[in-house]
Amino acid sequence: MAQVMTARQAIEAYIKDGATIGYGGFVGAAHAEEISLELGKSFLETGHPCGLTLMYAAGQGDGKELGLNHLGEEGLVTRAIGGHWALAPRLQKLALENKLAAYNLPQGVISHLFRDIAAGKPGVLTHVGLQTFVDPRLEGGKINDMARQSEDLVQLLDINGEEKLLYKAIPVDVAVIRATYADTMGNCTMEHEGVYSEALAIAQAARNSGGHVIVQVKKVVEYGSLDPRLVKLPGIYVDAIVVAEEDNHKQTFGTYYNPAYSGECRVPVGSLAPMRLDERKVIARRAAMELVPNAVVNLGIGMPEGVAAIAAEEKLEGMVLTTESGTVGGIPAGGTDFGVTTNPDCVLDQPAQFDFYDGGGLDVAFLGLAQMDKVGNINVSKFGPKIAGCGGFINITQNARKVIYCGTFTAGGLKVSVDNGSLQVLNEGKVKKLLDAVEQVTFSGEYAQKKGQQVLYITERAVFELTAQGVELKEIAPGVDLERDILAQMDFAPIMKDVKTMDARIFRDEPMGLNK
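Residues numbered from 1 in each chain as written. Predicted model: local features only at pLDDT ≥ 70, side-chain atom pairs only at ≥ 80, totals over all residues. Heavy atoms only, no water.

Trainee: Account for the side chain of Thr408, naming residues and giving values.
Mentor: Examined against the element boundaries, Thr408 turns out to sit in the loop between strand 27 (402–406) and strand 28 (410–411). Assessed through its relative accessible area of 12%, Thr408 is described here as buried. Within the local environment of Thr408, its side chain forms a polar contact with the backbone oxygen of Thr410, the two atoms lying 2.8 Å apart. Contact partners of Thr408, with chain neighbours within four places excluded, come to Glu279, Ile283, Met303, Leu414, Lys433, Thr459 and Glu460. (Helix = DSSP H or I, 4+ residues; strand = E, 2+ residues; numbered from the N terminus. Buried < 20%, exposed > 50% of the residue type's maximum accessible area, 1.4 Å probe, protein only. Polar contact = N/O pair within 3.5 Å; in protein donor to acceptor, adjacent residues only side chain to side chain. Contact = heavy atoms within 4.5 Å.)

Structure below.
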């Protein structure tokens, strides 16, 4: 029977030295902040628990101190298997210093891995990750020397003549998850959460591994008072219930509570404010031209977010935005609210969303362009010593019917002028992004070609397409010089057959009329 405990009591009772912990959450949504905070304090005060293996799918942190950053103490975690690292710089620092074995696997794969651990399967068998850095023929998802000297978590197999990757199942000793309410028998609801993450899968994985489940909630209520249709975690899974302080149970790291995030109400949402006409709007406009009617879409954070603003300005109808966290419909939030959505039509468990993504359910995905190379590979996961991690990028980009990469041609001080239907480069960026070879393969151009996937790379001054022959320059902006502004600013020579001029409407202030 579930017991109500303080966070410290639950940690002392159930998290032993050397345990493997499965952590649920997405940035700050559905993250058990009070337990994370107390886990770090316990280690600093007592030296225990120590030597933990940490498993998590989505990045959980604010890029500073919150979330999994509380676990960034040397010796507390000695192995971390995560989908995204950029939000937990304190863990990242330990990885860079080889003070823990660091692995980066696709977010969707880890969310499925929890589910397959629960089902007693040997692991996740999938095509996701082939010919990227998680493929054992490249790096096997190992991101530091300590991991490279440790066990392999990914295996290449031949199944009926097709290459597949097997991601190894690891028993979960403790699940650390969050819900809204728990009754005195441990039944838990999540009606105030903006995402469900993979809480159910992690709880089942721990229970069926012979482990324990700790759930952080905002309040405990009497047994029988919860609507069974809202119960996401049955009490038979739960060992400990931790009632959190309000500051440690915010809906996201940026918002205490917004009922429009959890689908409890719908708030009026006016059109997004028109974007200023600059390089970001130019890229977003050209990308929006690739939308198909009634498209099911995933928008990456950053530059691709502008596509939603263009769709609103141009009054394009029928586009349905989805997030890898599990939301369908509505308007995805950004910043420390990233992962939740205003006015969602539906909130799915994260593993179910990745089932849809991995099976090809996305019509089009708009993702960021950090580095690109001559064979169409993209890197968004590693830059010098910085470990950003792939997150859901690999699941999304390998399986969407059409992939549009959006980013500026160069970085670091780029300034352009957009006026009267043309573009001029006023100050070139210091950093080239179109390279002979990317630092790490997060997206494989070769794999995309084999699949016949449609791939475009859109910048403010040029549009490239991945073809059977390689990367082809398809369009250049009016006003730019081909040699000076494009070819001289990239490390490889693209294929050039029939280079057209980008639509002049992209570079004018008035709406383009894309809805006509």
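Trainee: Requested: an account of helix 2 (residues 33–46), with residues and values cited.
Mentor: In a regular helix each residue adds 1.5 Å, so 14 residues correspond to 20 Å; helix 2 covers 20 Å between its end C-alpha atoms and thus fits that length. Taken together, the buried positions of helix 2 are Glu33, Glu34, Ile35, Ser36, Glu38, Leu39, Gly40, Ser42 and Phe43. For helix 2, the secondary structure elements touched by its buried residues are helix 1 (7–14), strand 2 (20–23), strand 3 (52–56), strand 9 (174–178), strand 12 (212–217) and strand 15 (240–243). Once helix 2 ends, the next one or two residues include Gly47, with phi positive near 85 degrees. (Expected span 1.5 Å × (residues − 1).)

Trainee: Could you give me a rundown of a nonpolar patch on the surface, with the residues and numbers involved?
Mentor: A cluster of nonpolar side chains, namely Met1, Met185 and Tyr223, defines an oily patch on the protein surface of about 390 Å² accessible area. Looking at where Met185 falls in the secondary structure, it is placed in the loop between strand 10 (181–183) and strand 11 (188–189). (Patch = residues over 30% accessible without salt bridge, like charges linked within 9 Å, V, L, I, M, F, W, Y side chains within 5 Å. Areas by Shrake-Rupley, 256 points an atom, 1.4 Å probe, with all protein chains shown as cover. Salt bridge = Lys/Arg side-chain N within 4 Å of Asp/Glu carboxyl O.)

Trainee: Which residues make up the pairing of strand 33 (residues 454–458), and what values do they have?
Mentor: Of all five residues in strand 33, four are buried, a share of seventy percent or more. Looking at chain direction, strand 27 and strand 33 are connected through five bridges and run parallel. Among the inter-strand pairings, Val403 is bridged to a residue of strand 33, identified as Val455. Counted between consecutive antiparallel strands, the loop separating strand 33 from strand 34 (residues 462–467) contains three residues. (Pairing = 2+ DSSP bridges.)

Trainee: Quick one: what's the story with the pairing of strand 34, residue by residue and with numbers?
Mentor: Among the six residues in strand 34, five count as buried, and that is most of the element. Both strand 33 and strand 34 contribute to a ladder of three bridges, which runs antiparallel. Within strand 34, the position partnered with Tyr457 by the bridge is Phe464. Inspection of the sheet shows strand 34 paired to strand 35 (residues 470–476) by six bridges, in the antiparallel sense. If you follow Ala462 over to strand 35, its bridge partner there is Ile476. Adjacent in sequence and paired antiparallel, strand 34 and strand 35 are bridged by two residues.

Trainee: Which residues make up the sheet that holds strand 8 (residues 162–168), and what values go with them?
Mentor: With respect to topology, three strands assemble into an open sheet ordered 6-8-7, the strand pairing being antiparallel. Of all the strands in the sheet, the pair left with one neighbour each is strand 6 (123–126) and strand 7 (154–159). Across the sheet, the mean angle from the axis of one strand to that of its neighbour is 25 degrees, orientation sign disregarded. Pairing of strand 6 with strand 8 involves four bridges; the strand directions are antiparallel. Residue pairing in the sheet places Gly123 in a bridge with Lys168 of strand 8. Contacts from helix 4 (residues 107–118) reach strand 6 and strand 8 within the one sheet, and its direction differs from that of strand 6 by about 130 degrees. (Axes fitted to C-alpha atoms, helices over the stretch in contact; angles between N-to-C directions.)

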